[in-house]
Amino acid sequence: MTDVAVVGVGLHPFGRHADKQALLMGAEAARAALADANAEWSQVQTAYVGSYEVSNPDAIVGWLGLTGIPVRGVFNGCATGGTSLQMAAQAIRHGEADVAMAIGMDKHPRGAFAADPSVAGLPSWYGQTGMFMTTHFFGTKATRYLYDHGVSMEALARIAAKNLRNGSITPHAWRRKPLSVEQILAAPVVNYPLTQYMYCSPDEGAAAVVLCRADLASRFTSTPVYLRSSVLRSRRFGAFEVQSPSLPLHHVPSPTVDASRAAFEEAGLAPEEIRVAQLQDTDAGSELIHMAENGFCKDGEQEQWLADGETEITGRLAVNTDGGLIANGEPIGASGLRQVYEIVLQLQGRAGDRQVPGEPKTGYTHLYGAPGASAVSIFSR
């Protein structure tokens, strides 16, 4: 199989950008990634562009150049960024291209995501009872998990405090005000046990990645980062996932468990070999649960890990070093590629004040999206 390298990354800061179009943000992120790779758009032979709000994300070629290459729109819930990355890598591995790009952008209105349940194939009563709200689902899931595994609300607050603290030292983060564990616990409850500052928010932004055949990487950079694996899995029957109106008596693990195991097997690595990770933190409960689902600890061990600072920048496994979704918000199409941007900077030693010490050699990204899809990618120097 052809090896794939990441040779350039670019980011348009997440946040609120008035009337600036999502396509323009995506083009700026793409140009930044090309500049990082010392490359030109004319060298790119295929691209995958992800967005939820933009109906024709392939129109980004109008900003980048009309070169006639195949450009495909991608949407796969919150796993969109990981999906576009995987598809760009597969294009290289299958010989379709030597140089490919994954680009993501979105511009979400303020407030929680809302839609008619019928768009997800769900009955109207599912919305009428309030279940078609992600805040409700994640609160319900966290409540059950804390009860089953003896984890406290303070552990959730520690995660949110860590991510906001990391965001405060990340120049491109949206939320840059650190809050204490006590302040987070004292904030209004949105859906128990999750308070206001334990959630991320939809926002705006873009990110992009340039990939190439690994044997060509030296043409673009002296510090390539290699994509060891990139895996996508959907839910199996019996998984408790977003938009599940009922559950069978027989339960199976989340698609994150399946994606993580497959990614580690493909990469030939074990969880304890990962030094820095980006885990989907739609809310603090999600990051807590995903620590175990990705194989980094056992269920219930998160309490001690967090108390001991093991997921801090200086800890055993640095998690969400740029503040994750809680500090950056989530423009769906771009979020997964922001994770890649951060991992590449960390592995290249370019992360500034948030740089993980000891020259990390391995990195990990994880996404989880409705109605139950997970994307995991593993990187190395």
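In case you missed it, the structure is sitting above this.
Notes on the structure in this doc start here. (Residues numbered from 1 in each chain as written. Predicted model: local features only at pLDDT ≥ 70, side-chain atom pairs only at ≥ 80, totals over all residues. Heavy atoms only, no water.)

### Let's talk about the side chain of H290
Tracing the backbone shows H290 in helix 9 (residues 284–293). Residue class for H290 comes out buried when judged on its relative accessible area of 2%. Those residues in contact with H290 that lie beyond four places of it in its chain are T256, L279, Q280, H366 and Y368. (Helix = DSSP H or I, 4+ residues; strand = E, 2+ residues; numbered from the N terminus. Buried < 20%, exposed > 50% of the residue type's maximum accessible area, 1.4 Å probe, protein only. Contact = heavy atoms within 4.5 Å.)

### Here's the deal with the sheet that holds strand 11 (residues 362–369)
Here 10 strands make up an open sheet; going across it, the order is 3-2-4-7-1-8-12-11-9-10 and the pairing mixed. Each edge of the open sheet is held by one strand with a lone partner, namely strand 3 (71–74) and strand 10 (318–319). Of the pairings in the sheet, the one linking strand 1 (residues 4–15) to strand 8 (residues 225–234) comprises three bridges and is antiparallel in character. When the bridges of strand 8 are listed, V4 appears paired with L227. (Pairing = 2+ DSSP bridges.)

### Let's talk about helix 8 (residues 255–267)
Relative to the 18 Å expected for 13 residues at 1.5 Å per residue, helix 8 spans 18 Å between its end C-alpha atoms, a close match to the ideal helical length. Of all the positions in helix 8, only P255, T256, V257, D258, A259, S260, A262, A263, F264 and A267 are classed as buried. Taken together, the buried residues of helix 8 touch strand 8, helix 9, strand 11 and strand 12 (373–380). Two to three positions downstream of the cap, the backbone nitrogen of T256 sits 3.0 Å from a side-chain oxygen, assigning the N-cap of helix 8 to S254. Count one or two residues on from helix 8 and you reach G268, which has phi positive near 70 degrees. (Expected span 1.5 Å × (residues − 1). Polar contact = N/O pair within 3.5 Å; in protein donor to acceptor, adjacent residues only side chain to side chain.)

### Things to note about the pairing of strand 1
Strand 1 sits mainly inside the fold: 11 of its 12 residues count as buried. Where strand 1 lies against strand 7 (residues 204–213), nine bridges are found, and the strand directions are antiparallel. Bridge pairing links V6 to L211 in strand 7.

### With respect to helix 12 (residues 332–347)
For helix 12, spanning 16 residues, the distance from its first C-alpha to its last is 24 Å, which sits close to the expected 22 Å at 1.5 Å a residue. For helix 12, a buried count of 16 out of 16 residues is recorded, marking the element as mostly surrounded by other parts of the structure. The first or second residue beyond helix 12 is G349, which carries a positive phi of 70 degrees.

Just geometry here; none of it tells us what the structure is for.
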